[in-house]
Amino acid sequence: MHTQHTIKTQVSCSGIGLHTGNPVNMTFHPASPQSGIVFKRIDIDGYPTIKVSPEHIGDLSYATTIQQGDISIKTIEHVLSAVSALGITNLLIELDSNEPPILDGSAACFVDMLLDAGLTSQRGQTRVMQVRQSLEVRHKDSIMSVEPFDGLKITYTIDFPNPLIGTQTKTMRVTPLAYMSDLAHARTFCMYEEIEYLWKMGLSKGGSLDNAVVFGRDRVMNDAPLRYADEPVRHKMLDLIGDLTFLGHPICGHIKVYKGGHLLHTKFVKELLAHPETWRYVVERDIDEHLTITPRNASNEAGLLVQPAFAS
Ligand SMILES: [Zn+2]
């Protein structure tokens, strides 16, 4: 039986939004089969909901916004990244503000919350988008492509003028276990000289050294060391996995990104969906293995009995 997955019980956290600085309470609720990933604003009359699907991609400057009509929620990519990486297909994400909490700037807290809640299988098949032909999209000097691969593999390259970042490339096969150890803890980052501009733009009001890595010209401004030597490229991969949630299905292929961002990621999502001749749906095998992820205390590598989400 090929199944979908949700969480066993609701789980909550509180914090402030990275860009708005607004205080927010967020609760993950179990959701019924076929419902998908849905956001709900309980601070607005009627408690409007927005489903994660490509027609609801909103503003993409410095964060990914989900939008339907006048209702929007900013900076959803880290939450979606954790949800997707764990193979959760149905989830209700309730917020009492317009941006999830940034917490430590990574996706690790969301992973912990979801594993604390526990994952459970549901009736209903999960279909995977299996890439059969290569496809490429470009935006200015940024390039994103995909080619057939048995599983999800990402090669990401960033190139920043800041000498402490420079050019970083990382390739990895994305599985829940690899995600949790190699990507989930990578924090969002910015350049010190960008901060004044971001504030002028009304962005990053909740940003601080507690939730972002700030790169000066010659030193990292945070007291604590980087979590990975190449933390920025890993964070971009984390962001990408979040943005790919807009496909509505897990994807099987080797995705390569050069100097990407939310605009390029979501352009790729729309382009791939507009070219169904380049992929086909297959029923996911082995998804029942997700059940062995729980509980969170088993999240040391030795104790975590989890198979690749998209492996054959
Ligand atoms: Zn990010």
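Thresholds applied
- Residues numbered from 1 in each chain as written.
- Predicted model: local features only at pLDDT ≥ 70, side-chain atom pairs only at ≥ 80, totals over all residues.
- Heavy atoms only, no water.
- Phe/Tyr/Trp six-rings, centres within 6.5 Å; stacked < 30°, edge-to-face > 60°.
- Helix = DSSP H or I, 4+ residues; strand = E, 2+ residues; numbered from the N terminus.
- Buried < 20%, exposed > 50% of the residue type's maximum accessible area, 1.4 Å probe, protein only.
- Lys NZ or Arg CZ within 6 Å of the ring centre and 35° of its normal.
- UniProt positions renumbered as here; feature names shortened; annotations may be inferred.
- Contact = heavy atoms within 4.5 Å.
- Donors = N, O, S within 2.8 Å, 3.2 Å for Na, K, Ca; no water.
- Tetrahedral: all angles 85-135°; square planar, octahedral: opposite > 155°, others 65-115°.
- Pairing = 2+ DSSP bridges.
- Axes fitted to C-alpha atoms, helices over the stretch in contact; angles between N-to-C directions.
- Left-handed = near helix turned anticlockwise from the far one by under 90°.
- Nonpolar A, V, L, I, M, F, W, Y, C, P; charged D, E, K, R; others polar.
- Parallel < 35°, antiparallel > 145°, perpendicular 65-115°, else oblique.

As recorded in an unreviewed UniProt entry, the protein goes by UDP-3-O-acyl-N-acetylglucosamine deacetylase and comes from Candidatus Moduliflexus flocculans.

Is there a simple way to think about the packing of aromatic side chains in this case?
Two aromatic rings are characterised by how far apart their centres lie and by the angle between their planes. Here the structure, examined in full by the defined rule, presents 3 aromatic pairs. Relative to Phe 189, the ring of Phe 160 lies with its centre 5.6 Å away and its plane at 75°, an arrangement referred to as edge-to-face. Note that Phe 160 is positioned in the loop between β13 (152-159) and β14 (167-173) and Phe 189 in strand β15 (residues 189-191), a separation of 29 residues in sequence. The exposure class of Phe 189 is buried, given its relative accessible area of 14%. Ring geometry for Trp 279 against Tyr 281: centres 5.0 Å apart, planes inclined by 70°, an arrangement best described as edge-to-face. By relative accessible area, which is 9% here, Trp 279 ends up buried. Taken together, Phe 160, Phe 189 and Phe 215 form an aromatic cluster joined through their ring pairs. The ring of Tyr 281 is capped by Arg 127, whose NZ or CZ atom sits 4.0 Å from the centre of that ring.

Help me understand the UniProt feature "active site" (unreviewed entry) in the protein, please; the structure alone is not making it clear to me.
Per the UniProt record, the feature "active site" (unreviewed entry) sits at His 262. Here His 262 is to be found in helix α6 (residues 262-274). A relative accessible area of 11% means that His 262 is categorised as buried. Residues in contact with His 262, not counting those within four places in the same chain, are Leu 60, Tyr 62, Ala 63, Thr 64, Glu 77, Asp 239 and Asp 243.

Mind showing me how you'd approach the coordination of the zinc ion here?
Angles at a metal have ideal values that depend on geometry: 109.5 degrees with four tetrahedral donors, 90 or 180 degrees with six octahedral donors. Protein coordination at the zinc ion comes from His 78 (NE2), His 235 (NE2), Asp 239 (OD) and Asp 239 (OD), with a distance range of 2.1 to 2.7 Å. Given 4 donor atoms and angles of 52 to 148° at the metal, the environment of the zinc ion is assigned as irregular. In terms of primary sequence, the donors binding the zinc ion are separated according to H-x156-H-x3-D. Taken as a pair, His 78 in helix α1 (residues 77-85) and His 235 in helix α5 (residues 231-243) lie far apart in primary sequence, 157 residues in all. Of the two residues, His 78 and His 235, both sit in the buried class.

Honestly, the UniProt feature "binding site: Zn(2+)" (unreviewed entry) in the protein in this entry has me stumped. Any pointers?
Summarizing the sequence annotation, UniProt attributes the feature "binding site: Zn(2+)" (unreviewed entry) to His 78, His 235 and Asp 239 in the numbering used throughout. Spatially, the listed residues are clustered: although they cover 162 residues, their C-alpha atoms lie within 9.3 Å of one another. Of the residues examined, His 78 reaches a relative accessible area of 4% and is grouped as buried. For His 78, the residues in contact, after removing those within four places along its chain, are Ile 102, Gly 105, Ser 106, Ala 107, Phe 110, Thr 188, His 235, Leu 238 and Asp 239.

Before we go on, may I ask you to explain the sheet that holds strand β8 (residues 91-95) in this structure?
Backbone hydrogen bonds hold the strands of a sheet together, and the pairing may be parallel or antiparallel. Spatially, β2-β3-β8-β4-β5 is the arrangement adopted by the 5 strands of the open sheet, whose pairing is mixed. The two strands at the open ends of the sheet, each matched to only one other strand, are β2 (11-16) and β5 (49-51). Strand-to-strand, the axes of this sheet are offset by a mean angle of 20°, without reference to chain direction. Note: strand β3 (residues 23-30) against β8, 5 bridges, orientation antiparallel. Considered in β8, the bridge of Pro 30 is made with Leu 91. Contacts from α1 reach β3, β4 (37-41) and β8 within the one sheet, and its direction differs from that of β4 by about 145°.

I would appreciate a short explanation of the packing of α5 against α6 in the present structure.
The relative placement of two packed helices comes down to the angle between their axes together with the axis-to-axis distance. Following both chains from N to C, one finds α5 and α6 inclined at 35°, their axes separated by 10 Å at the closest point. Here the hand of the crossing between α5 and α6 comes out right-handed. Taking contact as the criterion, the partners of Lys 236, Asp 239, Leu 240 and Asp 243 in α5 are, on α6, His 262, His 265 and Val 269. Residue composition of the contact of α5 with α6, by class: 2 nonpolar, 2 polar and 3 charged.

What am I meant to see in the packing of α1 against helix α2 (residues 108-117) here?
For the pair α1 and α2, the least separation of the axes is 9 Å and the interaxial angle reads 45°. In terms of orientation, α1 and α2 fall into the oblique class. Seen from above, α1 lies across α2 with right-handed handedness. The residues of α2 that touch α1, namely those facing His 78, Val 79, Ala 82 and Val 83, are Phe 110, Val 111 and Leu 114. Looking at the contact of α1 with α2, its residues break down into 6 nonpolar, 1 polar and no charged.

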